Amino acid sequence: MKETKTLWWDESLGGIRYIDQTLLPTEYTLIGCTAVDRLITAIRRLEIRGAPALGVAGGYGVALAARTCTGPSFSAYTRAVKKEAGRVRESRPTAVNLSWGVDRVLAQFLAAKDVASARAAALAEAEAIAAEDTRCCHAIGEHGAALLPDRCTVLTHCNAGALACSSWGTALGVIRSAVAAGKEMKVIACETRPLLQGARLTAWELARDGIDVTVITDSMAAHIMRSGAIDAVIVGADRITGDAVFNKIGTYMHAVCARHHGIPFYVAAPLSTFDATRSEREVTIEERGRDEIAVLGNRTLIPDGVPVKNYAFDATPTDLVSAIVTEQGIVRPPLDIGALLSRPGAKRTG
Ligand code: MRU
């Protein structure tokens, strides 16, 4: 299986190199990003997307700010970097990994005493997040693969694959690790309206690895679950609070449906996706623009003047979740996230 790298620091560029995910599956294009403004645009446009990848991008964003900001004094310089870091942190609201990555790198940056060492510290910490993310995904993969039967069909939603992380993936990491362990896996990928991360990205990744994948419309999921064809549902997460799992819009309906049909519903996510500080009510669910739903290519799908709601994520109550697969092993609700994150060895390593 190919290890797809989604984003990385390119020293010869002096910035971030990443796959533009808006162009897949028809075009594989690498973008070089050397300005914080461009990174923010990339995050907002979903050129870089998926919670762990946003954590890595957030970290590299601070390294980029450290590289590009200037100031008449060291304190003016650090103030400028902090301001840029704040803008990166705010570029999307729901995936907690983004603020986690920014804050983790910013803390190392702020501990330094001069510009050169602050730049070096920021980049080193951002590189550490990227490397740890890949290790976490492989650990998640191994823990999760053990949950799956030797022959099975799993349904997934959105893209929780290599493209959503620095590589390998969380939910798709579980599938990859199961295949690597010799299990016979078939994957049903929900297309994931409106931006089609399932159809465009999950199908691209899995087909590239020779993994059996079939795309369905989101609204077919209940019918297929009822037919008995699905052994498990496995998805990623953007934020896990004590009471809910936030993930791509549509995840909640799969969880309800899986419970109704007695199908296990698994979530795969690193500890960097857990949020001990908020409950479901306190999390902002991103709302995106009308045109993502109302326009397809050059066709208008919804009459002018008719309002549209475009929530990008939903919250699944944790009592619908059979198990959460982390790099530290399997966690089952009810969740005590504070206790989970303060367990010996449970450092939020990305
Ligand atoms: O809007 P996106 O494409 O960033 O949403 C991504 C998802 O919802 C993923 O399922 C989630 O981030 C988990 S990625 C391992």
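Anything mentioned here points back to the structure above.
These numbers come from a predicted model, not from an experiment.

Chemist: Describe empty space enclosed by the protein, listing the residues and the values that go with them.
Modeler: In total, this model carries two cavities of 30 Å³ or more according to the counting rule given. In this structure, the largest cavity encloses a volume near 180 Å³. Surrounding the largest cavity, 24 residues form its lining, Arg49, Gly50, Ala51, Asn159 and Asp238 being those nearest its centre. At the level of secondary structure, the elements contributing two or more residues to the lining of the largest cavity comprise α2 (51-68) and β9 (244-248). Of the residues forming the lining of the largest cavity, the biggest block, three residues, is contributed by α2. Among the residues forming the lining of the largest cavity, the class breakdown is 12 nonpolar, eight polar and four charged.

Chemist: How would you sum up the side chain of Arg239? Please name residues and give values.
Modeler: Summarising the element assignment, Arg239 is placed in strand β8 (residues 239-240). Engagement of the side chain of Arg239 in a polar contact is seen with the backbone oxygen of Thr94, the distance being 3.0 Å. Other than its neighbours up to four places away in sequence, Arg239 contacts Pro93, Thr94, Ala95, Val96, Ala244, Val245, Phe246, Thr273, Asp275, Arg278 and Val283.

Chemist: With reference to specific residues and values, describe the pairing of strand β7 (residues 232-235).
Modeler: Alternating positions in β7 separate into two faces, Ala232 and Ile234 on one and Val233 and Val235 on the other, with burial throughout. Alignment of strand β4 (residues 151-156) against β7, held across two bridges, turns out to be parallel. Each residue of the ladder has a partner; that of Val154, found in β7, is Ala232. Pairing analysis gives three bridges linking β7 to strand β10 (residues 265-268), with the strands arranged parallel. Across the sheet, the residue bridging to Val235 is Val267, located in β10.

Chemist: Pulling in residues and values, what's your account of the packing of α2 against helix α4 (residues 96-111)?
Modeler: Look at α2 against α4: their axes get within 7 Å of each other, and the N-to-C directions meet at 35°. Considering the relative orientation of α2 and α4, their crossing is right-handed. Contacts between α2 and α4 involve Ala51, Pro52, Leu54, Gly55, Gly58, Gly59, Val62, Ala63 and Ala66 from the former and Asn97, Leu98, Gly101, Val102, Val105, Leu106 and Phe109 from the latter. Class assignment for the residues of the contact of α2 with α4 results in 11 nonpolar, five polar and no charged.

Chemist: How would you summarise the site of the ligand if you had to cite specific residues and measurements?
Modeler: Near the ligand there are 19 residues, and of these Arg49, Ala51, Arg92, Asn247 and Lys248 occur at the shortest range. Here an oxygen atom of the ligand sits 2.9 Å away from a polar atom, N or O, in the main chain of Ala51. Measuring from an oxygen atom of the ligand, one finds a side-chain N or O atom of Gln197 at 2.9 Å. In a pocket analysis with a 2 Å cut-off to the grid points, the ligand is assigned to the largest cavity. When its residues are assigned to classes, the shell around the ligand shows nine nonpolar, six polar and four charged. Counting contributing residues per domain, the shell around the ligand is built from domain 1 (7-137) and domain 2 (143-341), each supplying no fewer than three.

Cut-offs used in this document
All chains use their own residue numbering, which begins from 1 and follows the written sequence. Residues qualify for local features only when their pLDDT is at least 70, as the model is predicted, and side-chain atom pairs are given and counted only at 80 or more; totals for whole chains, interfaces and linings, by contrast, use all residues. Side-chain measures here rest on the full set of heavy atoms in the structure, leaving out hydrogens and waters. Cavities and pockets are found on a 1 Å grid laid over the protein atoms alone: a cavity is a set of points where a 1.4 Å probe fits but cannot escape, a pocket is an open set with protein on both sides within 12 Å along at least five of seven lines, and a lining residue has an atom within 4 Å of such a point. Grid points are joined across faces, edges and corners, and a volume is the space filled by probe spheres set on the points. Secondary structure elements are taken from DSSP: a helix is a run of H or I of four residues or more, a strand is a run of E of two residues or more, and numbering for both begins at the N terminus. Residues were grouped as follows: Ala, Val, Leu, Ile, Met, Phe, Trp, Tyr, Cys and Pro as nonpolar; Asp, Glu, Lys and Arg as charged; and all remaining residues, including Gly, as polar. Pairing of N or O atoms within 3.5 Å defines a polar contact, subject to two protein rules: one partner must be a possible hydrogen donor and the other a possible acceptor, and residues neighboring in sequence count only if both atoms are side-chain atoms. In this analysis, two residues are considered to be in contact whenever any of their non-hydrogen atoms come within 4.5 Å of each other. Whether a residue is buried, partly exposed or exposed follows from its accessible area with a 1.4 Å probe, protein chains only, as a fraction of its type maximum: under 20%, in between, or over 50%, in that order. Note: two strands are recorded as paired if DSSP finds a minimum of 2 bridges between them. Lines fitted to C-alpha atoms define the axes here, with helix axes fitted over just the stretch in contact, and angles between the N-to-C directions of these axes take values from 0 to 180 degrees. We call a crossing left-handed when the near helix sits turned anticlockwise from the far one by less than a right angle, and right-handed when that turn is clockwise. Working definition: residue near molecule or strand if any one of its non-hydrogen atoms lies within 4 Å of it. A molecule is counted as occupying a cavity or pocket when more than half of its atoms fall within 2 Å of that pocket's grid points. Here the limits of each domain have been adopted from an automatic or database domain assignment.

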